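Observations on chain architecture
Chain residues, written in single-letter form:
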Amino acid sequence: MTIDSRWIDEAFFQAEKSWSEGGIPIGAVLVNCVGEIVSCGHNERVQSGDPTAHAEVVCFRNAGRRRDWKELTIVSTLSPCIMCTGTTLLFGLKRVIVGENKNFLGAEALMCSNGVHVTVLQDERCIELMQRFLVEKQDLWSEDIGQ
């Protein structure tokens, strides 16, 4: 399956939505085997007070009960952290598309070592939004990643 630009566009829209709500600008979408977006989510940790409400986890939650997890692809604006990687591995996804990993390198090596195909786009919009966030709200980022 090729990469459809609509997937990263929607994930980026979700990241901007979180940013506009005062949250952490990370967004994600789940895509089925025919390229349709079946779920989306954005980081809601600040908005909800839930420390597990990362964009990818919210996206998984929004997908509801499914039996086709292994056929889905997750697209995230930022390299998934260890928690989001764990969720990806738990549900058996085999493909992850990352908007960027220049500002944060998550657990990509762990995914790859478990047979997940990881593609990093280095999307300029994703890089710039995260850089802006890191400059303007470094303390919030440190809180989010447990530093």
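Residues numbered from 1 in each chain as written. Predicted model: local features only at pLDDT ≥ 70, side-chain atom pairs only at ≥ 80, totals over all residues. Heavy atoms only, no water.

Here's the deal with the nonpolar core
This is how it is decided: By nonpolar core is meant a set of buried Ala, Val, Leu, Ile, Met, Phe, Trp, Tyr and Cys residues that side-chain atoms within 4.5 Å join together. Classification of residues uses two cut-offs on accessible area relative to the type maximum, computed with a 1.4 Å probe and protein chains only: under 20% is buried, over 50% is exposed, and between them is partly exposed. Each helix is a run of DSSP H or I of at least 4 residues and each strand a run of E of at least 2, with the numbering of both proceeding from the N terminus.
Ranked by internal contacts, the top residues of the largest apolar core, which has 39 residues, are Leu30, Val75, Phe133 and Trp141. Elements supplying a minimum of two residues to this core: helix H1 (5-20), strand S1 (27-31), helix H3 (55-63), strand S3 (73-76), strand S4 (95-98), helix H6 (124-136) and helix H7 (138-144). Of all the elements, H1 adds the most residues to this core, at six residues.

Here's the deal with the pattern of salt bridges
Spelled out, the test is: Salt bridge, as used here: a side-chain nitrogen of Lys or Arg that lies within 4 Å of a carboxyl oxygen of Asp or Glu.
Summed over the entire model, instances satisfying the criterion amount to seven salt bridges. Measuring nitrogen to oxygen at the nearest pair gives 3.3 Å for the salt bridge that ties Arg61 to Asp50. On the criterion of sequence distance, the pair formed by Arg61 in helix H3 and Asp50 in the loop between helix H2 (45-48) and H3 is long-range, its members being 11 residues apart. Put simply, Asp123 and Arg125 hold a salt bridge, and the shortest N to O gap is 3.1 Å. Judged by its relative accessible area of 15%, Asp123 is buried. According to the relative accessible area criterion, Arg125 is partly exposed, its value standing at 31%.

Remarks on the side chain of Gln14
The cut-off we apply is this: Only heavy atoms enter the contact rule, under which two residues are in contact if any of them lie within 4.5 Å.
Here Gln14 lies in helix H1. Aside from chain neighbours lying at most four places away, what touches Gln14 is Ile26, Gly27, Ala28, Cys40, Gly41 and His42.

A word on the packing of H1 against H6
Worth spelling out the cut-off: Each axis is a line fitted through C-alpha atoms, and for a helix only the stretch in contact is used; angles between axes span 0 to 180 degrees, taken between their N-to-C directions. Angle categories: roughly parallel below 35 degrees, roughly antiparallel above 145, roughly perpendicular from 65 to 115, and oblique for all the rest. Helix crossings get a hand from a simple test, with the near helix turned counterclockwise from the far one by less than a right angle marking a left-handed crossing and a clockwise turn marking a right-handed one.
Between H1 and H6, the least distance of the axes is 10 Å, while the angle of their chain directions is 15°. Overall, the two elements H1 and H6 adopt an arrangement that is roughly parallel. For H1 against H6, the interelement crossing comes out left-handed. Across the interface between the two elements, Ile8, Asp9, Phe12, Ala15, Glu16 and Trp19 of H1 pack against Arg125, Cys126, Leu129, Arg132, Phe133 and Glu136 of H6.

Thoughts on the side chain of Arg45
Along the chain, Arg45 falls in helix H2. Setting aside its immediate chain neighbours within four residues, Arg45 contacts Ile24, Asp50, Pro51, Ala53, His54, Leu140, Glu143 and Asp144.

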